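Fold and contact review
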Amino acid sequence: MRILFVSSNRIGDAVISCGVLDHLIRSHPESRITIVCGPAAEGVFARMPNRERTILLDKRRFDLHWLALWRHVAVAYWDLVVDLRGSGLAYLVPARRRAVRRRVPGRMFEQYAAVLGIRPAPLPVVWTAAEDRARAARLLPPDRPVIGLGATANWTPKVWPAERFAALFRALAGGPLRGAVPAVFAGPGEPERAMAAPLLAALPEAIDLGGKLSLSEAAACIQRCALYVGNDSGLMHLAAAAGTPTIGLCGATIDRAEEMAPAGRCAAWALAKGPTMAELSVADALAAATRLLGTAARP
């Protein structure tokens, strides 16, 4: 069975789509899947089982990237085309079955599942390889809890102040995760490095993982964390999908909080009292993290 799966340009949305992909792989274990995504999201699928190839969709003027993609995929016959972008591509290639996203109410992972009529909606997953897990074991201490801190985002108003991240870490390391070590996660590039720098300065003992990891390595490192706390970003969605207790920090995007909430076995928001990150207090973030850790500790 040959499947064409059109996913997102953004890391977070691509991660959320992996629940549907995991369902397809389990339902059709002999399938061969071609992924279409943006360059930033390529690493989300690097370790995916049954992946035949990945086609990168580089945006071009006048939407000409869709024409370039059509030339790639129209020469094959597809058993299933899944288009989470809601474009017209699925109707322009030979296919036995087509599933195209139309916006419906609900959380994003539920909207994606609705494209194929999957109920209940599967939670997102991450895929890692043995070498990713081995590198994570080398980078993080085996004998102390690690608190992952995601201090960056793709939009500056989504970034929580570094001094509040530091205060939250100290409260957690002195309380429910006594003796914990901080690990600061950030993506590649100078803008990410600049956003993470104030937190690294405030926590000089932190393990600096910024820009040093592939997405699958980041997932493996996050899976070794006792808790991940991060701004609304692709890394936050990766942490939730990895199954690590995850607190997403939400203020500037509070109007979409219900739709874009972190989806995982143990994940929740710490919501600001208004539409800015300045309105999210350390006390409220600590309360959300403490509640979540209490939930994670139950049988």
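Details of the structure are given in the entry above.
Here's a quick rundown of the structure. The residue numbering used here restarts from 1 in each chain and proceeds along that chain's sequence as written. Predicted model: local features are reported for residues with pLDDT of at least 70 only, side-chain atom pairs are reported and counted for 80 or more only, and whole-chain, interface and lining totals are derived from all residues. The side-chain figures draw on all heavy atoms in the structure; neither hydrogens nor water molecules are used.

This part covers the nonpolar core. Side chains of a nonpolar character, in soluble globular proteins, are inclined to be buried together. By nonpolar core is meant a set of buried Ala, Val, Leu, Ile, Met, Phe, Trp, Tyr and Cys residues that side-chain atoms within 4.5 Å join together. Partly exposed residues are those whose accessible area sits between 20% and 50% of the maximum for their type, while under 20% is buried and over 50% is exposed, using a 1.4 Å probe and protein chains only. Residues Phe5, Phe45, Phe185 and Leu238 are the most contacted members of the largest nonpolar core, which totals 59 residues. In terms of residue count, the dominant contributor to this core is helix α8 (residues 215–223) (six residues). Here Phe45 is in contact with Ser7, Ala14, Ser17, Cys18, Leu21, Ile35, Cys37 and Arg51, once residues within four sequence places are set aside. Ranked by size, the runner-up nonpolar core spans 34 residues in total, among them Leu149, Val184, Ala285 and Leu293. We count a stretch as a helix when DSSP gives it H or I for four or more residues in a row; a strand needs E for two or more, and each element gets its number in order from the N terminus. Contacts are assigned to residue pairs that have any heavy atoms within 4.5 Å of one another.

This brings us to the sheet that holds strand β4 (residues 80–83). The criterion for strand pairing is that DSSP finds at least two bridges linking the strands in question. Overall, parallel pairing links the five strands, which are arranged β3-β2-β1-β4-β5 in an open sheet. Unpaired on one side and paired on the other, β3 (51–56) and β5 (98–100) mark the two borders of the sheet. Within this sheet the neighbouring strands show an average axis-to-axis angle of 10°, counted without direction. Here five bridges tie strand β2 (residues 32–37) to β3, and the two strands are oriented parallel to one another. When the sheet's bridge partners are listed, Cys37 is paired in β3 with Leu56. Only C-alpha atoms enter the line fits that serve as axes; for helices the fit covers just the stretch in contact. Angles between N-to-C directions range over 0 to 180 degrees.

Moving on, we get to the pattern of salt bridges. Salt bridge, as applied in this entry: a Lys or Arg side-chain nitrogen positioned within 4 Å of an Asp or Glu carboxyl oxygen. Across all of its chains, the model carries eleven salt bridges by this definition. Notably, a salt bridge pairs Arg96 with Asp79, separated by 3.7 Å at the nearest N-O pair. Remark: Asp79 occurs in the loop between α3 (64–73) and β4 and Arg96 occurs in the loop between β4 and β5; sequence separation between them is 17 residues. With its nearest N and O atoms 2.9 Å apart, the salt bridge here joins Arg103 to Glu259. Here Arg103, found in the loop between β5 and α4 (108–115), pairs with Glu259, found in the loop between β10 (246–250) and β11 (267–271); they are 156 residues apart in sequence, far enough to count as distant. Residue class for Arg103 comes out exposed when judged on its relative accessible area of 59%. Through salt bridges with shared partners, a single network forms among Arg2, Arg32 and Glu52.

What follows covers the packing of aromatic side chains. The geometry of two aromatic rings is summed up by the distance between their centres and the angle between their planes. Stacked, tilted and edge-to-face pairs are distinguished by plane angle, under 30 degrees for stacked and over 60 for edge-to-face with tilted covering the rest, among Phe, Tyr and Trp rings (Trp via its six-membered ring) whose centres lie within 6.5 Å. Per the stated rule, a full pass over the model turns up two aromatic pairs. Here Trp160 and Phe165 contribute two aromatic rings whose centre-to-centre distance is 5.2 Å and whose plane-to-plane angle is 75°, an arrangement assigned as edge-to-face. Per residue, the accessibility class of Trp160 equals that of Phe165, and both read buried. Here, a charge over a ring is recorded when the distance from Lys NZ or Arg CZ to the ring centre is within 6 Å and its angle to the ring normal is within 35 degrees. Positioned above the aromatic ring of Trp78, the side-chain terminus of Arg2 is 4.7 Å from the ring centre.

Before going further, it helps to examine the sheet that holds strand β6 (residues 146–150). Taken together, six strands build an open sheet; the order of strands is β8-β7-β6-β9-β10-β11 and the sheet is parallel. Of all the strands in the sheet, just β8 (207–208) and β11 have a single pairing partner and so form its edges. Here strand β7 (residues 181–185) runs beside β8; their pairing, made up of two bridges, is parallel. Each bridged residue has a counterpart across the sheet, and for Ala183 the counterpart in β8 is Ile207.

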